[in-house]
Amino acid sequence: MMHQQRSEPHLSPSSDTEDIVAILAPRLAYFAGVARTEHVTRAAQEMQVPQSTLSRAMVRLEHDLGVDLFARRGRTVSLTPAGRTFLASVERALAEIERAADEVRADADPATGKVAFGFLHTMGSETVPGLIRAFRADHPRVRFSLVQNYGEAMIERLRSGELDLCLTSPVPDAPDLVARRLDEQKLRLVVPADHRLASRRRIRLAEAADETFVTLEPGYGLRRITDDLCQQAGFRPRVAFEGEEAETLRGLVAAGLGVALLPPPAVPRPGVVELTVTAPRAAREIGVAWLDGHPDTPPVAAFKKFLLSKRGTLLPE
């Protein structure tokens, strides 16, 4: 009578890296345990697995690798030269896995975990530090990984899993994201202190149609808003300089190189005058976004709840 043997995974010279990892990985801890004790029975007891399971795993591991890892003397084993070479790499790999497991557990800890939080450059000097300070009053040991960037770049980092949450503008509308409006920030037309319009307090944006503008680079949310507001006012802005940060643009305005539509500064900037825009309505929405369906760790869930509680009070008046 013939018995059909169950087919076991095995390696061939043409096996690719993914095959090698899938077949060998479950047996590496067994191998390290046997190598450490040099005794199959003792290793099985320490790892709480049947001795037969351990013995079969070692035989299959040697078969898959095509080399002898152990010299056997009854239930006692010793490493061959190939086994010692293999053990050094296996111990490094297992240590790295253990380190990674410890790290992700630490990041998810409700009291001491980590939040990867992105925000606009204009939120960095005052708004975000204030938010984190208020949050840490109740969660003093939660850690933050902070990323300042423009909106589109932060959305991509959300999608890649590098960020848990981000404050951005405009509030994104995409099927793979969840976004909630938190507040609104008025924009002002910033002009040099010696500009012909500097004596004014209010202005219709159409009155600046002939001015040279300094703006953020394409791709920034504020640049898109600037272009849209100018279009509503009936003109296309003549852009002389493009930058990556709002306060740099204020410096360019102070130097007499143009005018700009900007949110209020954290502290007043000398050399410029900031005019209220009466038409069209010049404001940008600030919202928080996260990846739809992405499970939150306890610290991320707590910070998300905190941010949502700030609807309408996120920004100073």
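S.K.: Honestly, the overall build of the protein in this entry has me stumped. Any pointers?
M.R.: Assigned secondary structure in the protein consists of nine helices and 13 strands. Taking 20 Å as the expected radius of gyration for a compact globule of 317 residues, we find that the protein reaches 31 Å, considerably beyond that expectation. For the C-alpha atoms alone, the extent of the protein along its principal axes is close to 100 × 45 × 40 Å. Per-residue burial for the protein yields a buried fraction of 41% across its 317 residues.

S.K.: Would you mind going over the pattern of salt bridges with me for this structure?
M.R.: Working definition: two side chains of opposite charge can pair if their charged atoms are close together. Summed over the entire model, instances satisfying the criterion amount to 24 salt bridges. Where Glu156 meets Arg159, a salt bridge forms, and the shortest distance between an N and an O atom there is 3.0 Å. A residue pair is termed a helical-turn pair when its members lie 3 or 4 positions apart in one helix, as Glu156 and Arg159 do in helix α6 (residues 151–159) at three residues. Here Arg196 makes a salt bridge to Glu211, at a shortest N to O gap of 2.8 Å. Placement of the pair is Arg196 in the loop between β7 (188–192) and β8 (202–204) and Glu211 in the loop between β8 and β9 (212–216), with a sequence separation of 15 residues.

S.K.: I would appreciate a short explanation of the sheet that holds β7 in the present structure.
M.R.: By definition, the strands of a sheet pair up through backbone hydrogen bonds, in either a parallel or an antiparallel sense. Sheet architecture is open: four strands sit in the order β8-β12-β7-β11, paired in mixed fashion. Every interior strand has two partners, whereas the edge strands, β8 and β11 (260–262), have only one. Across the sheet, the mean angle separating the axes of adjacent strands is 45 degrees when strand polarity is ignored. As paired strands, β8 and strand β12 (residues 272–279) are joined by three bridges and run parallel to one another.

S.K.: Could you clarify how one ought to interpret unusual backbone geometry in this entry?
M.R.: What you tend to see is this: most non-glycine residues have negative phi, and most peptide bonds are trans. Pro170 follows Ser169 through a cis peptide bond whose omega is -5 degrees. Residue Pro280 is reached from Ala279 by a cis peptide bond, and omega for that bond is -10 degrees. Phi is positive for Glu38, which is not a glycine, with a value near 55 degrees. Along the chain, Glu38 turns up in the loop between α1 (17–37) and α2 (40–47). Accessibility expressed as a relative area gives 38% for Glu38, which makes it partly exposed. Positive phi outside glycine occurs at Gln48, with the angle close to 55 degrees. Mapped onto the secondary structure, Gln48 falls in the loop between α2 and α3 (51–65).

Reading guide: rules and limits
Residues numbered from 1 in each chain as written. Predicted model: local features only at pLDDT ≥ 70, side-chain atom pairs only at ≥ 80, totals over all residues. Heavy atoms only, no water. Helix = DSSP H or I, 4+ residues; strand = E, 2+ residues; numbered from the N terminus. Rg over C-alpha atoms; globule rule 2.2 N^0.38 Å. Buried < 20%, exposed > 50% of the residue type's maximum accessible area, 1.4 Å probe, protein only. Salt bridge = Lys/Arg side-chain N within 4 Å of Asp/Glu carboxyl O. Pairing = 2+ DSSP bridges. Axes fitted to C-alpha atoms, helices over the stretch in contact; angles between N-to-C directions.

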